[in-house]
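A closer look at the structure
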Amino acid sequence: NDDDCLDDNPGLHGTAVSSIISETLNYDYISVPHQIMPLKICNADGKASYFNFLCALNYALDRRVPVLQMSLGWYDNDSGDLVDSIFLDLMNDYPNTTIVCSAGNDASNNDDNVHCPSGYTIDNIIAVASCNYSKTDISSWSNYGDESVDFFAVGENISFSGISIEGTSFAAPKV
């Protein structure tokens, strides 16, 4: 509803995600030209509406953004929600856009309990779970799934703004 891109969430969730994307793309001596289009859909409590989610998605897709990173999610309730139809229609209209999503932080099997948007069965959605720093074990709180999760990335003990953060929200932007 405004042009203020500063994070409303005191935990700096969106700011941390954007920072991780930039750090990853500017790693050491290799710098990948990029621009970030911050689309704020969550309030200061980290809550979003389907309407804001779909509006932001449509805004980005209309501008032919090639990669969208979504560190957010909800669980499918099998009610045939209208959001599913609208989301799937938008994704069918823009098959060349890749969406990288966080898999969720509930130690849940996403094959059984679908976490969205990471759990949508669309080829251009990449679901990312979290692993530990040594990349040997899945994080104890990370969602997982043989069919629904595509990658694991480090999502534990990430230093940001003088604090340690963790979650699949911070693993996904590394992918």
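Let me begin by describing the structure that accompanies this report. (Residues numbered from 1 in each chain as written. Predicted model: local features only at pLDDT ≥ 70, side-chain atom pairs only at ≥ 80, totals over all residues. Heavy atoms only, no water.)

A word on the packing of aromatic side chains
Applying the stated criterion to the full structure yields four aromatic pairs. Pairing phenylalanine 53 with phenylalanine 87 gives two aromatic rings, centres 5.8 Å apart and planes at 25°, and the pair type is stacked. Pair noted here: phenylalanine 53 is in helix H2 (residues 50-62) and phenylalanine 87 is in helix H3 (residues 82-93), with a separation of 34 residues, a long-range link. Exposure remark for phenylalanine 87: the relative accessible area of 0% places this residue in the buried category. Geometrically, the ring pair formed by phenylalanine 87 and tyrosine 120 is stacked, given 4.4 Å between the ring centres and 20° between the ring planes. (Phe/Tyr/Trp six-rings, centres within 6.5 Å; stacked < 30°, edge-to-face > 60°. Helix = DSSP H or I, 4+ residues; strand = E, 2+ residues; numbered from the N terminus. Buried < 20%, exposed > 50% of the residue type's maximum accessible area, 1.4 Å probe, protein only.)

So, the nonpolar core
Leu57, Leu68, Phe87 and Ile99 are the most contacted members of the largest nonpolar core, which has 21 residues in total. Among the elements of the structure, H2, strand S1 (67-70), H3 and strand S3 (98-102) are those that each provide at least two residues to this core. The greatest single-element share of this core, amounting to six residues, is contributed by H2. Counting residues in each nonpolar core, the second largest holds eight residues, with Val17, Ile20, Ile21 and Phe160 among its members. (Core = buried A, V, L, I, M, F, W, Y, C linked by side-chain atoms within 4.5 Å.)

Observations regarding the sheet that holds strand S5 (residues 125-131)
Taking strand neighbours across the sheet as the criterion, the four strands line up as S1-S3-S5-S6 in an open arrangement whose pairing is parallel. Here the strands that pair on one side only, and so sit at the sheet edges, are S1 and strand S6 (151-154). Going from strand to strand, the sheet's axes swing by 30° on average, the running direction of each strand aside. Note: S1 against S3, four bridges, orientation parallel. (Pairing = 2+ DSSP bridges. Axes fitted to C-alpha atoms, helices over the stretch in contact; angles between N-to-C directions.)

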